[in-house]
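Now for the letters of each chain:
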Amino acid sequence: MLRLRLGPADLCRVRFADRLHPVGTALLACQALHDPDTARMAPGPAAGAAAAVGRVRAAASVLRHLLPARGRLPDFLTPFDGLESVAAGLEAIRATPARRVRAEVAAAYADLAVSPLRRRFAEADDEAMGLFGRALGTWHDGVLGPHWADLADAHRHRVAEAAGHLATHGLDGLLNALHPAIRWEAPTLTVRTWWSATVSGTGHGLILLPSPLAGPHPRVLVEPGRPVLVVYPAPMPRRVAASAADPLGRLLGTTRAAVLRRLAGPGRHTTTSLGRALGISLSSASEHAAALRAAGLVSSVREGGAVSHRLTPLGAGLLGPDDVPTAGRA
């Protein structure tokens, strides 16, 4: 159990990560997708990992050998820097001082059998680090790459959802609603994670990152001079998870495609009912309906105090047989 004591300087800088870190997400996913619960949270990446062949399968084998199968990963493998791309993240890892690499990898390998490759990796050997970087890049591109847009969409959805919770329940309510393994009793955030300690915040704030690839427990990264990072499990929204092989979602965007499909169902569809059915705000439902209307896919008419939306023939023509719900499924 980790007990994190946060001071005023941390609490006035609580924020959500604005995007997923390509390398950090890949490193967590390499380990976490072996967990059945995590695989259910991210079905697209899980299926991709299970079906890996050729170079991707060989890369997975290297990563499985170099990374602990579960538990805490060496902190330097999930850097703050390198958000721009996989290459930038790997460069941030390569910039880690050799002394830190040796200390953190040695601790991670405490319960693992010694092998020549593990020994060279723990010694920050250039060739071993290069092999690791190439394997991670190949695995990311083969397993997460095809689903990255969906993962990013899921992240935006969860952050928007949490922002709404913060607006209505305050910071105390937000922190206590993040995950069952996270509990807030001022001034301490208690996290059931992979390591136990009582530590103080860094004075640089707290960054929250919901992710379907965090694994079975939240992850916490505490580095001096940096905000504390808390990555916690959050399933992909159902409509996002279902879009991995969805050409309409790729064309229109996941949420907009979901709005179009909803309008294909029976009954009256107002802006309010669309928002409730799809788990989006009223303003977001209105925005998506307006965009579809501008493209000629939807028509809208005011009926009393509400605006009702219907598919146009052009909108209906974009949908296939499986996109149209029956009365029993609506």
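See the structure shown above.
Criteria and thresholds
Residues numbered from 1 in each chain as written. Predicted model: local features only at pLDDT ≥ 70, side-chain atom pairs only at ≥ 80, totals over all residues. Heavy atoms only, no water. Salt bridge = Lys/Arg side-chain N within 4 Å of Asp/Glu carboxyl O. Helix = DSSP H or I, 4+ residues; strand = E, 2+ residues; numbered from the N terminus. Buried < 20%, exposed > 50% of the residue type's maximum accessible area, 1.4 Å probe, protein only. Axes fitted to C-alpha atoms, helices over the stretch in contact; angles between N-to-C directions. Parallel < 35°, antiparallel > 145°, perpendicular 65-115°, else oblique. Left-handed = near helix turned anticlockwise from the far one by under 90°. Contact = heavy atoms within 4.5 Å. 1 Å grid on protein atoms, 1.4 Å probe; cavity = no way out; pocket = protein on both sides within 12 Å on 5 of 7 lines; lining within 4 Å. Points joined across faces, edges and corners; volume = space filled by probe spheres on them. Nonpolar A, V, L, I, M, F, W, Y, C, P; charged D, E, K, R; others polar. Phe/Tyr/Trp six-rings, centres within 6.5 Å; stacked < 30°, edge-to-face > 60°. Lys NZ or Arg CZ within 6 Å of the ring centre and 35° of its normal.

Going through the model one piece at a time under the given rule, you end up with 13 salt bridges. In this structure, Arg100 and Glu223 form a salt bridge, with 2.9 Å as the shortest nitrogen-oxygen distance. Residue Arg100 is found in helix 7 (residues 98–108), and its partner Glu223 is found in the loop between strand 7 (219–221) and strand 8 (228–233); the two are separated by 123 residues along the sequence. Judged by its relative accessible area of 28%, Arg100 is partly exposed. The structure contains a network of salt bridges with shared partners spanning Arg100, Glu104 and Glu223.

The contact between helix 6 (residues 86–94) and helix 9 (residues 126–144) brings their axes to 11 Å, and the two run at 155°. As summarised for this structure, helix 6 and helix 9 are arranged roughly antiparallel, according to the angle between their axes. Where helix 6 crosses over helix 9, the handedness of that crossing is right-handed. Residues Val86, Leu90, Ile93 and Arg94 of helix 6 pack against Asp126, Met129, Gly130, Phe132, Gly133, Leu136, Gly137 and His140 of helix 9.

With respect to the element layout, His155 can be found in helix 10 (residues 148–176). We classify His155 as buried; its relative accessible area is 5%. Beyond its immediate chain neighbours, meaning those up to four positions away, His155 contacts Ala17, Asp18, Arg19, Leu20, Leu209 and Pro210.

Next up on the list: the environment of Pro68. Checked against the element boundaries, Pro68 lands in the loop between helix 5 (54–66) and helix 6. If sequence neighbours within four positions are ignored, Pro68 has contacts with Gln31, Leu73, Ala108 and Leu112.

Right, let's get into empty space enclosed by the protein. Empty pockets left among the atoms are what a rolling probe the size of a water molecule brings to light. Here the structure, examined in full by the defined rule, presents 2 cavities of 30 Å³ or more. Here the largest cavity defines a volume of roughly 70 Å³. What lines the largest cavity is simply Leu20, Thr25, Leu151, Ala154, His155, Arg158, Pro210, Ser211, Pro212, Leu213 and Ala234. Those elements giving two or more residues to the lining of the largest cavity turn out to be helix 10 and strand 6 (206–211). Per element, the largest residue contribution to the lining of the largest cavity is 4 residues, and it comes from helix 10. For the lining of the largest cavity, a count of residues per class yields 7 nonpolar, 3 polar and 1 charged.

On to the packing of aromatic side chains, then. What the rule picks out here adds up to 1 aromatic pair. With 5.2 Å between their ring centres and 40° between their planes, Phe121 and Phe132 make a pair best called tilted. Note that Phe121 is positioned in helix 8 (residues 116–122) and Phe132 in helix 9, a separation of 11 residues in sequence. The ring of Trp195 is capped by Arg72, whose NZ or CZ atom sits 4.1 Å from the centre of that ring.

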